[in-house]
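# Structural features, examined
One-letter residues, chain by chain:
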Amino acid sequence: MSLHLVLIGAGSREFGPATVTDILLSDALCAQEPSVTLMDLDAGAVEATRAFAAALAQARSRPVHFHATTDLQEALSDADFVIMAVERRRYFYWSQDFHIPRSLGFQQIYGENGGPGGLFHALRNMPPSLEVVEGMGRLCPDAVLLNYTNPLTKLCEAQTRLGPVRVIGLCHGVFAGMEQVAALLERPVHSLEIHSAGLNHFTWFTSIRDRETGADLYPELREREARAHWLHDFDEIALSRILLRTYGLWPSPGANHIGEYLAWAGDLLPSQDMQFFHDPADGDPWESDRVPPWIYNLRDRPTDTPLFHPAREGRLKPSPHRGPTVDDPRPSGELAIPIIEGLAAGVPHDLAAVNVPNRGALPGLPDDAVVELPAQVDAAGLRTLPVEALPEAALALLRTQCSINHLLVQAYEERSRDRLLQALLLDPSTRSYGNAVRLIDIMFERQADALPALVWHRRQPS
């Protein structure tokens with residue numbers, strides 16, 4: 001029987017073509033003449049990905065069969081590997097996740113993976129994420145799920161605690177931190193051997209070494225950081241520089257993501273008030289189905305935005321699609337296909353970061369918490385690598401997030417707003433009990449069409 005790969009969310013303009021390209025660039029996988037099922041609820045979008053895949057397969061003379069479907073159960077039947085990246089109206093709901101908590105005094109940053117926004121983002125994506133693992137448990141129980149869907153740690157926690165299949169979470173964020181370190185050291189990133197440990201979007205580089213000589217480069221990094229100009233890329237790395245000075249280790253990936261987990265990071269992210277900016281005097285943007293413009297940070301150069309520009313949901317300005325083409329297929333740099341090459345074809349790979357249950361690999365964090373660690377993969381399986389212990393101060397920051405994630409999964413499992421309140425009151429951005437309760441009620445009213453039905457058990461009649 002040939003290898004069967006499944007892509008859930010394949011209609012995505014970024015995820016679908018990029019993953020298809022990685023498959024078709026893999027000699028080891030194509031030698032097995034795999035079948036690939038592309039699944040998405042948007043029939044037109046997934047058919048566009050299938051057409052791209054067929055054209056690229058023909059151009060490269062690859063014996064790979066692609067099939068498109070909108071039926072999840074059909075897609076999962078007899079799968080060997082399932083890769084998923086799903087989202088519903090990403091920017092529309094994200095802008096609510098960002099603004100509504102801030103209107104109640106939560107000084108959260110970004111609002112995607114951490115903070116109160118991250119809680120509601122995770123709750124919206126839990127039903128489809130768990131539908132996938134439930135279907136895999138019935139139709140392909142031995143398959144491996146490779147999940148890219150955010151908030152990655154929270155969803156992988158739900159999938160591993162509540163689902164019957166093996167889950168590996170994947171994210172490219174750690175590579176951003178590696179590029180930052182390489183820039184400070186003025187060395188090519190490929191010349192560095194960096195190991196990291198922590199949680200997705202809040203990892204710490206436990207070692208930074210010269211790949212050729214094995215020399216410890218942390219002393220040089222600290223010396224060069226101390227004399228670097230403060231205004232260089234301030235919006236992205238100033239927070240990381242402060243964390244290096246305070247905790248002794250470089251964090252990853254950058255201010256937006258790390259700042260979601262810290263109560264005091266706002267002063268080090270000047271662009272935060274530009275994200276999803278709108279004039280409140282113009283009214284509620286979501287009632288008219290508008291999404292306020294969004295930038296990642298000041299690297300997006302908002303001053304380059306034309307004075308008048310076409311509207312595009314979520315983005316400050318239209319950006320050209322830089323994905324692969326039939327004439328110019330490029331590897332994505334993501335890790336799903338290297339992992340499948342290792343497990344299915346025996347090709348060994350070093351993996352910068354995978355998200356899996358801890359099971360003692362990172363001392364000081366719960367064994368069942370999903371953590372991010374370096375790993376290796378080959379025909380013998382996937383193995384996380386030993387990492388140096390993190391300092392207590394860094395562990396303390398991570399433990400709080402582990403507790404929040406645990407409580408969030410319980411809230412979903414019990415359909416309990418009471419348990420969600422417990423998680424929210426642990427969040428560093430929470431300043432008011434009353435506003436925490438109000439936020440929960442407001443978000444469930446505002447996003448009733450997308451959130452699972454959680455209730456206040458304390459309010460139920462006895």
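Because the structure is a prediction, the values reported are computed rather than measured. (Residues numbered from 1 in each chain as written. Predicted model: local features only at pLDDT ≥ 70, side-chain atom pairs only at ≥ 80, totals over all residues. Heavy atoms only, no water.)

## Let's talk about the overall build of the protein chain
The condition that has to hold: Numbering of helices and strands starts at the N terminus; helices are DSSP runs of H or I of at least 4 residues and strands are runs of E of at least 2. Exposure is judged per residue with a 1.4 Å probe applied to protein chains only, and the accessible area is read against the type maximum: over 50% gives exposed, under 20% gives buried, and values in between give partly exposed. The contact criterion used is simple: two residues touch if any of their non-hydrogen atoms lie within 4.5 Å. Note on areas: Shrake-Rupley with a 1.4 Å probe; residue coverage comes only from the protein chains shown.
Helix and strand counts for the protein chain come out as 15 helices and twelve strands. Seen along its three principal axes, the alpha-carbon backbone of the protein chain occupies a region of about 60 × 60 × 55 Å. When each of the 462 residues of the protein chain is scored for burial, the buried share is 55%. At a minimum sequence separation of 6, the contacts of the protein chain that also span at least 24 residues come to 67%. When the accessible surface of the protein chain is summed, it comes to about 19500 Å², and 52% of that surface belongs to carbon and sulfur atoms.

## Quick word on the pairing of strand β3 (residues 65-69)
Quick note on the threshold: Should DSSP find at least two bridges between two strands, the strands are regarded as paired. Crossover handedness is defined here as right-handed if the route from the first strand over the helix to the second strand goes clockwise, with the strands pointing away from the viewer.
Summarising the sheet, strand β2 (residues 35-39) and β3 pair through five bridges and their orientation is parallel. Its bridge partner lying in β3, Val-36 is registered against Phe-66. This β-α-β element, β2 to helix α3 (residues 43-59) to β3, shows right-handed connectivity.

## Some remarks on the nonpolar core
Soluble globular proteins: nonpolar side chains tend toward being buried together. As a reminder of what qualifies: In this description, a nonpolar core means a group of buried Ala, Val, Leu, Ile, Met, Phe, Trp, Tyr and Cys residues linked to one another through side-chain atoms lying within 4.5 Å.
The biggest cluster of nonpolar side chains holds 57 residues, and the ones touching the most others in it are Val-181, Trp-204, Phe-205, Ile-208, Leu-221 and Trp-250. Per element, the largest residue contribution to this core is six residues, and it comes from helix α8 (residues 173-185). The contact partners of Phe-205, leaving out residues within four places of it in the chain, are Val-174, Gly-177, Met-178, Val-181, Ile-194, His-195, Ser-196, Tyr-218, Leu-249, Trp-250 and Ser-252.

## A closer look at the packing of aromatic side chains
Rules: Ring geometry is summarised as follows: Phe, Tyr and Trp rings, the Trp one being its six-membered ring, pair when their centres sit within 6.5 Å, and such pairs are stacked at plane angles under 30 degrees, edge-to-face over 60 and tilted between the two. Only lysine NZ and arginine CZ atoms are considered, and such an atom sits over a ring when it is within 6 Å of the ring centre and within 35 degrees of the ring normal.
Summed over all chains, the structure comprises 15 aromatic pairs. Measuring from centroid to centroid gives 5.7 Å for Tyr-110 and Tyr-296, while their planes differ by 90°, and the two rings are edge-to-face. Of this pair, Tyr-110 sits in the loop between α5 (90-103) and α6 (115-139) while Tyr-296 sits in the loop between α11 (255-259) and α12 (336-345), and the two are 186 residues apart along the sequence. With relative accessibility at 3%, the residue Tyr-110 sits in the buried group. When its relative accessible area of 23% is taken as the criterion, Tyr-296 is described as partly exposed. An aromatic cluster of at least three residues, connected via ring pairs, comprises Tyr-91, Trp-94, Phe-98, Tyr-110, Phe-276, Trp-294 and Tyr-296. Taking the ring centre of Trp-230 as reference, the NZ or CZ of Arg-241 above it sits at 4.0 Å. The lysine or arginine in question, Arg-415, covers the ring of Tyr-412, its NZ or CZ lying 4.2 Å from the ring centre.

## What about the packing of α5 against α6?
Worth spelling out the cut-off: All axes here are fitted lines through C-alpha atoms, helices being fitted over the stretch that makes contact, and every angle between N-to-C directions spans 0 to 180 degrees. Each crossing is labelled by how the near helix is turned from the far one, with a counterclockwise turn of less than a right angle marking it left-handed and a clockwise turn marking it right-handed. Residue polarity is assigned by list, with Asp, Glu, Lys and Arg as charged and Ala, Val, Leu, Ile, Met, Phe, Trp, Tyr, Cys and Pro as nonpolar; anything else, Gly included, falls into the polar class.
At their nearest, the axes of α5 and α6 sit 8 Å apart, and the two run at 145° to each other. The hand of the α5/α6 crossing is right-handed. Contact residues: Arg-90, Tyr-93, Trp-94, Asp-97 and Pro-101 in α5; Pro-116, Gly-117, Phe-120, His-121 and Arg-124 in α6. Of the residues in the contact of α5 with α6, the class split is five nonpolar, two polar and three charged.

## A look at the side chain of Arg-62
Locating Arg-62 in the fold gives a position in the loop between α3 and β3. Accessibility expressed as a relative area gives 17% for Arg-62, which makes it buried.

## Looking at the packing of α8 against helix α9 (residues 218-227)
Formally: Each angle receives one of four descriptions, namely roughly parallel if under 35 degrees, roughly antiparallel if over 145, roughly perpendicular if within 65 to 115, and oblique otherwise.
Look at α8 against α9: their axes get within 9 Å of each other, and the N-to-C directions meet at 75°. What the angle tells us is that α8 and α9 run roughly perpendicular. Every residue of α9 that contacts α8 at Val-181, Leu-184 and Leu-185 is listed here: Glu-220, Leu-221, Arg-224 and Glu-225. Considering only residue class, the contact of α8 with α9 consists of four nonpolar, no polar and three charged.

## Some points on the environment of Asn-405
Mapped onto the fold, Asn-405 is located in helix α13 (residues 392-414). For Asn-405, a relative accessible area of 3% translates into the label buried. Note: C-alpha distance between Asn-405 and Gly-114 (291 residues apart in sequence) is 9.7 Å. Filtering out sequence-adjacent residues up to four positions away, Asn-405 remains in contact with Thr-153, Lys-154 and Glu-157.

## Digging into the side chain of Gln-180
Selection rule: Any N or O atom pair separated by 3.5 Å or less is treated as a polar contact, with the protein-specific requirement of one donor-capable and one acceptor-capable atom, and with residues adjacent in sequence counted only for side-chain atom pairs.
Structurally, Gln-180 can be placed in helix α8. Of the residues examined, Gln-180 reaches a relative accessible area of 7% and is grouped as buried. Here Pro-253 takes part through its backbone oxygen, which lies 2.5 Å from a polar atom of the side chain of Gln-180. Setting aside anything within four residues of it in sequence, one finds Gln-180 in contact with Glu-236, Ile-237, Ser-240, Trp-250, Pro-251, Pro-253 and Gly-254.

## Here we look at the pairing of strand β6 (residues 166-169)
Relative to β6, strand β5 (residues 144-147) runs parallel, the two being bridged by four bridges. Counterpart to Asn-147 in the pairing with β6 is Gly-169. What joins β5 to β6 is helix α7 (residues 152-162), and the crossover it makes is right-handed.

Remember, this is a structural readout, not a statement about activity or role.
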